[in-house]
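The residues making up each chain are set out below.
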Amino acid sequence: GAGVSQTPSNKVTEKGKYVELRCDPISGHTALYWYRQSLGQGPEFLIYFQGTGAADDSGLPNDRFFAVRPEGSVSTLKIQRTERGDSAVYLCASSPIGLAVTDTQYFGPGTRLTVL
Amino acid sequence: KQEVTQIPAALSVPEGENLVLNCSFTDSAIYNLQWFRQDPGKGLTSLLLIQSSQREQTSGRLNASLDKSSGRSTLYIAASQPGDSATYLCAVNSRGAQKLVFGQGTRLTINP
C-alpha cells in the first residue's frame with residue numbers, strides 16, 4: 001500500500017515569506033507526527049496529532065510555526081515569516097494508534113526547506 | 001529530559017564483517033526503541049522495534065538488543081554488504097510522551 005507522502009519535496013523561499021508543507025499519512029493511521037532534521041543531526045520532534053487534535057506541540061520552536069489536521073488525515077505545517085535558521089528537512093510520520101508500545105512510526109521522504 | 005547518544009558517529013568496514021552499532025539513552029522509562037536506516041537525501045526506514053518488555057528483535061541479518069536498566073541498545077549486522085551503507089538512527093519513545101527522541105546517527109560505510 002501507499003506510504004507516507006509529503007509535498008513539495010523541495011521548497012526554496014525568501015526570508016520573511018510564508019510556507020506550507022503538506023503530509024499525507026498512511027490511510028487509517030490515527031497518529032501523525034512532524035519532525036525537523038538539520039544537516040548531520042537526528043530528527044527533532046515538533047508536534048504530534050492524535051486524530052484531529054494536537055496532543056503534544058511542545059517541540060514547536062516558536063509561534064511562527066503552526067500545524068493543523070482538520071479531518072484527521074492530511075496535515076499541513078505552516079511557517080510564518082521564515083528565517084534562514086528554519087532551513088532543514090521537515091519529516092512527517094504516521095502510526096496506527098499512537099498510544100501503544102508496539103506502535104511503529106512510518107516516515108515520509110521529507111520536504112527540504114531552504115530559506116534564502 | 002530523554003537524551004540519546006550513538007557511538008561511533010561514523011564507521012567504515014570491509015564487506016563481509018559483522019559489526020555492532022551502539023545506542024544509549026538516559027531515561028529508562030520507555031515504551032519502545034526503534035532502529036531506523038536513512039539513505040542520503042531520503043526519509044527514514046524502520047528496521048526493528050523493541051518493546052520495553054523485550055530483550056531483542058531479529059530481522060534477517062539484523063539483531064537489535066535492549067538493556068533498559070542500563071539504558072543501552074545495540075544493533076548487530078551480520079555479514080555486512082555494500083548495500084548496508086547508510087546512516088543508522090536509534091530512537092526512543094518515552095513513557096508519557098508520544099514522540100521519538102533520536103540519536104545523531106552512525107554513518108556506516110561498507111567497502112567492497
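Above: the structure in question.
On a predicted model such as this, the values are computed, not experimentally measured, just so you know.

1. Comments concerning the pairing of strand β6 (residues 53–56) of chain A
Residue and element names in this part refer to chain A.
Next up, step 1: Looking at chain direction, strand β5 (residues 44–50) and β6 are connected through 3 bridges and run antiparallel. Note on β6: the bridge partner recorded for Phe-49 is Ala-54.
Next up, step 2: Between the end of β5 and the start of β6, which pair antiparallel, lie 2 residues, with Gly-51 showing a positive phi angle near 70°.

2. Description of the interface of chain B and chain A
Next up, step 1: At the interface, 19 residues of chain B touch 24 residues of chain A.
Next up, step 2: Counting the surface lost from both chain B and chain A, the interface buries some 1700 Å², and carbon and sulfur atoms represent 52% of this.
Next up, step 3: Counting the surface chain B buries against chain A, the share from its top three residues, B:Leu44, B:Gln98 and B:Lys99, is 32%.
Next up, step 4: Of all the secondary-structure elements, those providing two or more residues to the side of chain B that touches chain A are β4 (30–38), β5 (44–51) and β10 (100–102) of chain B.
Next up, step 5: Sorting elements by how many residues they give to the side of chain B that touches chain A places β4(B) first, with 5 residues.
Next up, step 6: A breakdown of the residues in the side of chain B that touches chain A according to their chemical character gives 7 nonpolar, 10 polar and 2 charged.

3. Quick notes on the state of the cysteines
Disulfides are covalent bonds that connect the sulfur atoms of two cysteines.
All names here are of chain B.
Next up, step 1: Tallied over the entire structure, the rule returns 2 disulfides over all chains.
Next up, step 2: Covalent S-S linkage joins Cys-23 and Cys-90, the inter-sulfur distance amounting to 1.9 Å. Its torsion about the S-S bond being -55°, the disulfide of Cys-23 and Cys-90 is classed as left-handed. Here the residue Cys-23 occupies a position in strand β3 (residues 19–25), and Cys-90 occupies one in strand β9 (residues 86–94), the gap between them amounting to 67 residues. Both residues of the pair, Cys-23 and Cys-90, count as buried.

4. Overview of the nonpolar core
Next up, step 1: If you look at the biggest cluster of nonpolar residues, it comprises 22 residues, and the most contacted ones within it are B:Leu19, B:Phe25, B:Leu33, B:Trp35, B:Leu75, B:Ile77 and B:Tyr88.
Next up, step 2: Listing elements by their share of this core, those giving two or more residues are β3, β4, β5, β7 (62–67), β8 (72–77), β9 and β11 (106–111) of chain B.
Next up, step 3: Counting residues in hydrophobic clusters, the runner-up holds 20 residues, among them A:Cys23, A:Ala67, A:Tyr90 and A:Val115.

5. Regarding the sheet that holds strand β3 (residues 19–24) of chain A
All names here are of chain A.
Next up, step 1: Strand order across the open sheet formed by 4 strands is β1-β3-β8-β7, with antiparallel pairing between neighbours. Edge positions in the open sheet fall to β1 (5–7) and β7 (65–68), since each of these has one partner strand only. Between one strand axis and the next, the sheet turns through 15° on average, direction left out of account.
Next up, step 2: When β1 meets β3, the two strands line up antiparallel, connected through 3 bridges. Residue pairing across strands places Ser-5 opposite Asp-24, the latter belonging to β3.

6. Side note on the packing of aromatic side chains
Residue and element names in this part refer to chain A.
Next up, step 1: Inspection of every chain in the model, using the stated rule, returns 8 aromatic pairs over all chains.
Next up, step 2: Note on Tyr-35 and Phe-107: the rings are 5.4 Å apart at their centroids and 40° apart in plane angle, and the pair reads as tilted. With Tyr-35 in strand β4 (residues 31–37) and Phe-107 in strand β10 (residues 106–107), the pair connects residues that are 72 residues apart, well separated along the chain. The same class applies to Tyr-35 as to Phe-107, namely buried.

7. Overview of the sheet that holds β8(B)
All names here are of chain B.
Next up, step 1: On the basis of which strands lie adjacent, the open sheet formed by 5 strands has the order β1-β3-β8-β7-β6 and antiparallel pairing. A strand with exactly one partner marks an edge of an open sheet, and here the two such strands are β1 (4–7) and β6 (56–59). The sheet shows a mean angle of 15° between the axes of neighbouring strands, direction not considered.
Next up, step 2: Inspection of the sheet shows β7 paired to β8 by 6 bridges, in the antiparallel sense. When the bridges of β8 are listed, Ser-65 appears paired with Thr-74.

Rules behind the numbers
Residues numbered from 1 in each chain as written. Chains lettered and ligands numbered in written order. Predicted model: local features only at pLDDT ≥ 70, side-chain atom pairs only at ≥ 80, totals over all residues. Heavy atoms only, no water. Pairing = 2+ DSSP bridges. Helix = DSSP H or I, 4+ residues; strand = E, 2+ residues; numbered from the N terminus. Contact = heavy atoms within 4.5 Å. Buried area = accessible area lost by both parts, 1.4 Å probe. Nonpolar A, V, L, I, M, F, W, Y, C, P; charged D, E, K, R; others polar. Disulfide = S-S within 2.5 Å. Buried < 20%, exposed > 50% of the residue type's maximum accessible area, 1.4 Å probe, protein only. Core = buried A, V, L, I, M, F, W, Y, C linked by side-chain atoms within 4.5 Å. Axes fitted to C-alpha atoms, helices over the stretch in contact; angles between N-to-C directions. Phe/Tyr/Trp six-rings, centres within 6.5 Å; stacked < 30°, edge-to-face > 60°.

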